[in-house]
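# Fold and contact review
So you can see what is in the structure, the chains are spelled out below.
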Amino acid sequence: MKKISLTGIKPTGKPHIGNYLGAIKPALELTKTHDARYFIADYHALTSVRDKKLMKEQIYGLAATWLASGLDPEKVIFYRQSDIPEVFELTWILSCMTPKGLLNRAHAYKASVDTNTESGIDPDSGIDCGLFNYPILMAADILAFSCHVVPVGQDQKQHLEITRDIAQSFNQTFGKILTLPEPMIQEEVKTIPGIDGRKMSKSYKNEIPLYASPKQLKKRINQIVTDSREVSESKDPDNCNLFSIYSYFAANEAVAEKRKRYLAGGLGYGEMKSELFELIDTFVSEGRARYDELMADRQQIDQVLADGAVKARAIATPLLTRVREAIGMQ
Ligand code: TRP
């Protein structure tokens with residue numbers, strides 16, 4: 001029997017090529033070896049997204065991106081967190097098992113408190129209970145589905161530890177009902193540089209969008225920052241983010257050939273940019289067509305997520321029944 005894996009993705013921005021190479025692609029690889037479950041962590045996004053239209057747009061955009069990138073809803077369970085009421089009931093039950101001190105030590109909350117303290121203002125200023133309780137909601141996401149492994153980035157490791165602590169304390173009191181998940185920390189994927197050479201990230205505004213129109217894509221690639229060497233001059237492939245991004249998409253022989261031409265001189269950055277555009281444009285074209293189709297017919301997305309919710313609840317409902325029985329609520 002395959003192990004069950006589960007992971008949540010927050011709808012907090014338009015996915016870019018760094019997200020694709022670093023998160024979406026490896027997650028989809030995992031579906032070959034695991035019984036995989038993916039969900040849109042929309043209620044987690046509520047801690048930062050406070051605009052109704054934007055929230056909707058980002059939820060649909062995220063769902064369409066995953067579906068267009070190859071997620072097969074027949075093979076994996078794909079759902080929206082907010083469609084699973086059991087998760088929220090479990091959140092309350094678990095919060096009653098969670099020492100407040102455990103959450104005081106959570107990185108995100110602690111970082112906000114530290115910033116406030118350094119600025120000499122009230123330590124909890126501007127911090128809502130959503131941020132504070134975030135780890136409990138995440139524990140409920142995981143424990144409601146009795147999964148074995150949770151593939152996440154290094155930054156989520158502490159959340160997994162908190163989840164295990166909470167599950168253990170529940171199990172000690174009420175019997176072995178909750179499955180303790182193992183974290184599956186994804187190797188730090190080689191950092192994909194953005195157009196300014198820093199790590200590609202929405203917060204640096206240096207990203208290259210994944211499913212943008214060819215025109216937008218071209219415009220963005222033309223904005224990749226290079227030095228000002230002339231076409232004829234020799235160039236340094238190892239200190240050039242244009243070259244680096246190119247090497248993620250081109251075949252090995254093409255990369256080797258470009259390296260030679262960089263060193264020899266005679267290759268202009270303009271030529272490199274139009275080749276990179278052609279490469280990425282070809283690479284994304286099929287996914288982009290599917291993405292555009294889904295975004296134009298959101299009922300299709302609604303249907304996929306509604307079907308996913310039925311499958312997900314078929315797992316969470318019996319688990320919650322056992323939990324309710326164990327605590328004397330049923
Ligand atoms: N906190 C995760 C993140 O920021 C998202 C998330 C929510 C998640 N619930 C989860 C990840 C459950 C794995 C399992 O990336």
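In short, a report on the structure. Since we're looking at a predicted model, the values are computed, not measured.

This part is about the site of the ligand. Near the ligand you find 13 residues, and of these Lys10, His44, Tyr134, Asp141 and Gln156 are the closest. Within the side chain of Asp141, an N or O atom sits 2.7 Å from a nitrogen atom of the ligand. At 2.9 Å, a side-chain N or O of Gln156 approaches a nitrogen atom of the ligand. Relative to its unbound accessible area of 360 Å², the ligand is 89% covered by the protein chains.

What follows deals with the nonpolar core. In terms of nonpolar packing, the biggest core is built from 55 residues, with Tyr38, Trp66 and Phe78 touching the most fellow members. Elements represented by at least two residues in this core include exactly helix H1 (17-30), strand E2 (35-40), helix H3 (52-68), helix H9 (214-222), helix H10 (241-249), helix H11 (252-264), helix H12 (269-296) and helix H13 (298-327). Here this core gathers at least three residues from each of two domains, domain 1 (4-192 + 298-327) and domain 2 (211-291). If we ignore the near neighbours within four places in the chain, the residues touching Trp66 are Ile9, Ala23, Ile24, Ala27, Leu28, Tyr38, Leu71 and Phe78. Leu90, Ala106, Ala139 and Ala140 belong to the second-largest nonpolar core, a separate cluster that totals 45 residues.

Here we come to unusual backbone geometry. Within the chain, Ser146 stands out as a residue other than glycine whose phi angle is a positive 40°. Here Ser146 is to be found in the loop between helix H7 (129-143) and strand E4 (149-152). At Lys205, a position not held by glycine, the phi torsion is positive, near 55°. Topologically, Lys205 is positioned in the loop between strand E5 (182-185) and H9.

This part is about H7. Here H7 spans 21 Å end to end across 15 residues, near enough to the 21 Å set by a 1.5 Å rise per residue. At Pro135, H7 shows its largest kink, close to 40°. For H7, the buried fraction is high: 11 of the 15 residues fall into the buried class. Inspection of H7 places Phe132, Tyr134, Pro135, Ile136, Leu137, Met138, Ala139, Ala140, Asp141, Ile142 and Leu143 among the buried residues, and these make up the whole buried set. Here H7 starts with a cap whose side-chain oxygen sits 3.1 Å from the backbone nitrogen of Gly130, and that cap is Asp128.

Mapped onto the secondary structure, Asn241 falls in helix H10. On the basis of relative accessibility, which here comes to 14%, the residue Asn241 falls in the buried class. Polar side-chain contacts of Asn241 include one of 3.4 Å to the backbone oxygen of Gly194. If near-sequence neighbours (up to four positions away) are discounted, Asn241 is found in contact with Pro193, Gly194, Ile195, Asp196, Gly197, Ile224 and Val225.

With that settled, consider the pairing of strand E1 (residues 4-9). With five of six residues buried, E1 is to be regarded as a mostly interior element. The pairing of E1 with E2 spans six bridges and is classified as parallel. The residue bridging Thr7 from the neighbouring strand is Tyr38, located in E2.

With that out of the way, let us pick up the packing of aromatic side chains. Within this structure, the stated rule accounts for 11 aromatic pairs. Judged by centre distance (5.4 Å) and plane angle (35°), the rings of Tyr211 and Tyr291 are tilted. Of this pair, Tyr211 sits in the loop between E5 and H9 while Tyr291 is found in helix H12, placing the two residues 80 residues apart along the sequence. Each of the two residues, Tyr211 as well as Tyr291, counts as buried. An angle of 65° between the planes, with centres 6.2 Å apart, marks the rings of Tyr262 and Tyr269 as edge-to-face. Summarising the burial analysis for this pair, Tyr262 and Tyr269 share the class buried. Put simply, the rings of Tyr20, Phe249 and Phe283 touch in pairs and so form one group of aromatic residues. The side chain of Arg198 reaches across the aromatic face of Tyr204, ending 4.0 Å from its centre. Across from the ring centre of Tyr269, 5.4 Å away, lies the NZ or CZ of Lys235, which sits over that ring.

Rules used in this analysis
- Residues numbered from 1 in each chain as written.
- Predicted model: local features only at pLDDT ≥ 70, side-chain atom pairs only at ≥ 80, totals over all residues.
- Heavy atoms only, no water.
- Near = heavy atom within 4 Å.
- Polar contact = N/O pair within 3.5 Å; in protein donor to acceptor, adjacent residues only side chain to side chain.
- Areas by Shrake-Rupley, 256 points an atom, 1.4 Å probe, with all protein chains shown as cover.
- Core = buried A, V, L, I, M, F, W, Y, C linked by side-chain atoms within 4.5 Å.
- Buried < 20%, exposed > 50% of the residue type's maximum accessible area, 1.4 Å probe, protein only.
- Helix = DSSP H or I, 4+ residues; strand = E, 2+ residues; numbered from the N terminus.
- Domains from an automatic or database assignment.
- Contact = heavy atoms within 4.5 Å.
- Expected span 1.5 Å × (residues − 1).
- Bend = angle between axes of the 7 residues up to and from the residue.
- Pairing = 2+ DSSP bridges.
- Phe/Tyr/Trp six-rings, centres within 6.5 Å; stacked < 30°, edge-to-face > 60°.
- Lys NZ or Arg CZ within 6 Å of the ring centre and 35° of its normal.

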